[in-house]
Structure formats: C-alpha cells, structure tokens
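Close look at the chain arrangement
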Amino acid sequence: MEAGEFERLSPSRFISFAFPNPQPGDPYADPLRVAVLDSPLPGPAPPPRTAAMLVPPGREDDWLFCTAAGQIQLLISSSGDPSICRLILIGGQPSSTLPKCYSRNEWDPDSDRHHRFQQLLTPLLLALSPKSSFSDGLPDIPFLSFEDDVIHITPVEMLVGPSVGEMLVEDVVLDRSQSPKLRRRLRFKRMPNLVQSQVHLLPDSSSSSRFGSFMPEKGSLVQPYLRPMVASLSLISPAVDLQVQSGLMPRVLCVGVGGGALLMSLRLKFGFDVLGIEADELVLDVAKRHFGLTEDDFLKVGLGDGLACIKYLSILQTGKIEDVKNGEISLELVKLLRRYSSGFDVVMVDLDSEDASNCVFAPPLEFVEKGVLMALRTIIKEHGVVTVNVVPSCMSFYKQMIDDFGSFFSEVYEIDVGNGENYVLVATASPVDILERNSEDPFFKELKEVVGQKKWSSERVYRCFLRMFPTISRAWLTRGKEYHQAQSLSELGAKKPPECYIDSKPSTEQCMCNLGQRGFGALVVLSNPLTQTNPVEQIQKENPISKFLIKCSDS
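Conventions and cut-offs
Residues numbered from 1 in each chain as written. Predicted model: local features only at pLDDT ≥ 70, side-chain atom pairs only at ≥ 80, totals over all residues. Heavy atoms only, no water. Helix = DSSP H or I, 4+ residues; strand = E, 2+ residues; numbered from the N terminus. Pairing = 2+ DSSP bridges. Patch = residues over 30% accessible without salt bridge, like charges linked within 9 Å, V, L, I, M, F, W, Y side chains within 5 Å. Areas by Shrake-Rupley, 256 points an atom, 1.4 Å probe, with all protein chains shown as cover. Salt bridge = Lys/Arg side-chain N within 4 Å of Asp/Glu carboxyl O. Lys, Arg positive; Asp, Glu negative; His and termini not counted. Charge placed at Lys NZ, Arg CZ, Asp CG, Glu CD. Buried < 20%, exposed > 50% of the residue type's maximum accessible area, 1.4 Å probe, protein only. Arc of directions from axis to C-beta. Contact = heavy atoms within 4.5 Å.

Attention now moves to the environment of M191. If you trace the backbone, M191 turns up in the loop between β9 (181–188) and β10 (195–203). Sequence spacing of M191 and W63 is 128 residues, and the spatial spacing of their C-alpha atoms is 8.7 Å.

This is the structure we're talking about:
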C-alpha cells in the first residue's frame, strides 16, 4: 500500500491486510485480518465518520465477514448513522477452504478484556480514518455490534454454479424463545447477508448430520415472504375451487426455484400443476439433493432464463412460434413449455438481481420492462394473478414498478412482509369481488391452515379478506395512472354517504353489517384523492373503481 492510502474516501474501495495482534489469543490469533471499506453511497456533509466492528469469534470464514459484498451489507444495515462513510472490520484470518463449523462461544463483549482490546486498537483505527474526519479534532470511532440468532453452523456442501457463482449449503441451529430450531439454508457468496432458501429439518433415521439424523421438511414455508406470496391465492380461491370441482388442476408458473420450497408447497398442499424455471443447473441439483425438491407428473422444472420463458409462453398464446429467437431457449425447454400453452392461473416470481455490488434488490431491472409485463398479462387467465417478491433498490424504482404494473393489470396490491426488506406485489388480471367470497370453500380453508394467523406487520395491520391472511399496507386499484388510497373508519370519523361510498351496491351501513358478519374488522372506503369531485358522481360518470378493499384491526 502507498503512503496516505486511506487519507481520502473512495466509494466502494475495499482493502484487507494482516496486522499484528496487540492481544494474541483473546479473542483472535496472531495476526489479525483488517478490512477497510468505504461506503458506496454518497457521502454526507463533512466531517465523515469511521466505525469499526469486531468479527464474532469463529465466524471469520463466513462470507458476511470475509468478503467485500458482505462488508457492504454490514455497513448499510448495521449503522443508523448516515455520516459513517468507512467501516473497519477486525477479526481472525479466514481459511481458504470450506468454511469451518461454528459454535457461538461465551466471549462477553462487555468484559474488561474486550474493552481493553478495543482500546489497544485505537491507534490503528485513527491511522485508518480519512483525513477530513479530523477537522473538528480527534474523531470518536464507535464499535458497531453484530448480533443474530445463529447458535451453530455446520457446512454441508460448497459449489460453484454457472449463473449464481459460489453457493453454500449449511445446517444451522437458531436461537428461539421456546427452543432451538434446526434449518437447512442455501446462501450465495455474491449476496452473503441473504438467505436464499431455507427449510425445517425433521428427525429421520436414514440421514446423518452433526445434530443427529434429520431430513428437510418438503414444502415448509420458512422464508418470511413465502407465506404472503401463497396468501395471494385467496384472490382467486373461488376460481380455483370451480376448477377443482370440474376435475381440472390449477396451474402455476414459478420463475426462480431456489431450494424449491414454494414449488413443493403448491404441489403437495394445494394440488397445483407446477412448472418451475431456474437459470442455474447446480441450484436445481442442490434443491433436489438437499432441500427435498421432487419432480413428478405435475411438478416439472425447466432449466433456462425465466424472462425468456415468459416471453416464449406469451408467443405460444398468439401462435407466432416463428418469433422465438434461435438458441434463446433450449429444445428440451421448448418441449416442456408447450405443455403449458393454455396459460396459468398463477405466476409467482422470486428472482433477485445478479448485480449485488452495492445492495440486494429483487426482481431484476429487466423484469419490469414493459415487454415482460405485457407477456405476463398474456399468459395468465382472466381470473389469474401475478405475485412478485420485491426487495426495492430504492423507493423511486419501487413506485415506478407499481406504475408499470398498473398499466397492464386490473388491480395491484402490496403486502408488507414486516421484516424491513421484502414486499409482495400482487397484480390481478380482472377486478376481484371480495363480497362474493365463500370462506368455507375447501381451497380457502386449506389456504387458511397453511398461511396461519401470523401478522406480517407490527404496526397498522391491513387485512385482505379474513384476518388470518397477510397484511396489506397499501393498495392501488388502478385505472390508467390514478391511484385510490384506502381509508379506515376511524379516519373517516362521522362521515356518511356519499363520501362513504362503495361502488353502486348496498349502503355503507349494510356493507359494514355484512363485513362484520363475515369476520372483517373495518371498512375501507374508496375515494379519488386526485380530484375534488364527489366520489359518487365520479364513479357514476367514469366508473374508475369497481371494487373495494378492507382494513382490519389488530384485535
């Protein structure tokens, strides 16, 4: 390194080096690994701040702590202070082989030895701070803490896929309030802070692991956003029941397979005819060997680009087979896709961006191109829905995504998963009539049992249909570019019709009575915030909104 290397900030610069340990053996061996990262985000007004973090002893091999991508995520997620522009990570030297087993030790971060170790590092941290941070005197360099619920990690297998790069299958024990929980997880090195897939581990005498004999629970919906995605099926439950009663299997396209938990749940618990598309052949291999993904006559998985498959399926709907570019989709995949030329009741998209250099986001930018959205609308049936896992890169991108969906679909709903990262967008091909829903339908009852009664938002909880279904924090009923914000009764106060107006059907009081009898907690009233026009006259004149949403209380 050159003299003065660290005097200036350089966005996304990452440098690691060995440094003598001033306190060998407690908690790290000699030498230390020091990694310096400058934030990729625009810097605040001077002076910039530097922060440090000690790697949890035993986690030196974890990609979260030994890669630049992991350190970026630590910087972005661990500090609520936007003035921190440089993060210095200090820990032991990682190995160059398969990550080692990890067990949480009892090293007390509040002990005197721990504080003494931090004090011994102060000269190094000052030397690694940018020159501009000294403008107001000697800077204070805080130590950020890292905490998660991992008690034990056993690496199972590490592979390199042609599309996703290095990936790791690991068995973990998680600390839970009642009792430890066993999981099998899949992680990608390019996004080390993100668990791509995970399933429960169940006792099984035919397999072995460090924890005993366990096997993956097929179709377990452990990822926080999977249950909200499945709950979106409640929008089409009447149509699904009609198909089942007539002897037809509802069809679902899953773009992005991962460990296959969503596909297995849709097949085993709901009896769907499932088609999955995955871009990486080794991810498929891992899903089958380690996560319980099993193909049969009604669960098929194809290898290829998901967006290209959506476009090809759209072309099948129009009959213009000659429009498909040669080599874009393999002949084997073409044969599989033609089996589904009649379209789908549901399309579920769980894709993340391949470029995670600065942040994790999903879906990839290519997904929201208008050609893809038009193709999606083409391949779903008139009662169909499209459900998308979304991790917004920024709110402007997210709003534009909602705008674009509103241009091609009848209604758009948002489910806030409540973990601070994921949202689930649900777009319907046709307006949804909530009042005509029978909560005793077999499919609806099964859906309630699978989704459960978990609340995905800790604050104001918005419910769609019955209370056991996921929270909907905002809803857009689209007509062109107009968005109509739902309001609660408490916000409306003592307002009476026509302000409290729902379509041209029963009065507000009658609707409230019907909703109360069916388990709804409150009424949502539609209005047009873009104009001052009387909502009744507006609806009668232009019919901009055909349906309504409901909002339920936490009780």
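Next comes the rest of the write-up.
For the rest of this paragraph, the subject is the sheet that holds strand β1 (residues 14–19). Within a beta sheet, neighbouring strands are joined by backbone hydrogen bonds and run either parallel or antiparallel to one another. Pairing in this open sheet of 5 strands is mixed, and the strands run β1-β2-β4-β3-β6 from one edge to the other. Whereas interior strands pair on both sides, the edge strands pair on one side only; in this sheet they are β1 and β6 (143–144). Alignment of strand β2 (residues 32–38) against strand β4 (residues 84–91), held across 6 bridges, turns out to be antiparallel. What sits directly across from A35, in β4, is L89.

Turning to a negative patch on the surface, a few remarks are in order. Taken together, the side chains of D305, E328, E366 and E369 define an acidic patch exposed on the protein surface. Along the polypeptide, E366 turns up in the loop between β15 (344–349) and α11 (370–379). Look at E366 and you get partly exposed, because its relative accessible area is 43%.

Let's shift gears to helix α10 (residues 331–338). Within α10 the residues assigned to the buried category are L333, V334, L336 and L337. Buried residues in α10, looked at end-on, bunch into an arc of 165°, giving them a common side. Residues of α10 that are exposed and point over 90 degrees away from its buried face: L331, E332 and K335. Where the residues of α10 are buried, they touch β13 (273–278), β14 (299–303) and α9 (306–318).

Now for the pattern of salt bridges. Within the structure shown, the criterion is met by 23 salt bridges. Across the pair R187 and D62 runs a salt bridge, and its minimum N-O distance is 2.8 Å. Of this pair, R187 sits in strand β9 while D62 sits in the loop between β3 (49–54) and α1 (63–66), and the two are 125 residues apart along the sequence. Overall, the relative accessible area of 5% leaves R187 in the buried class. The class for D62 is buried, based on a relative accessible area of 10%. Measuring nitrogen to oxygen at the nearest pair gives 2.8 Å for the salt bridge that ties R185 to E170.

Turning to the pairing of strand β8 (residues 165–174), a few remarks are in order. The element β8 is largely enclosed, with a buried count of 8 among its 10 residues. Strand direction decides the pairing type here: strand β7 (residues 150–161) and β8, joined by 10 bridges, are antiparallel. Residue pairing in the sheet places V150 in a bridge with L174 of β8. Linkage of β7 to β8, two consecutive antiparallel strands, is achieved through a turn of 3 residues. The pairing of β8 with β9 spans 8 bridges and is antiparallel. Following the sheet pairing, V172 is matched in β9 by R183.

Let us now look at unusual backbone geometry. Cis geometry is found at the peptide bond from D30 to P31, where omega equals 5°. Within the element layout of this structure, P31 appears in the loop between β1 and β2. The omega angle of the peptide bond from A362 to P363 is -5°, so this bond is cis rather than trans. Within the element layout of this structure, P363 appears in the loop between β15 and α11.

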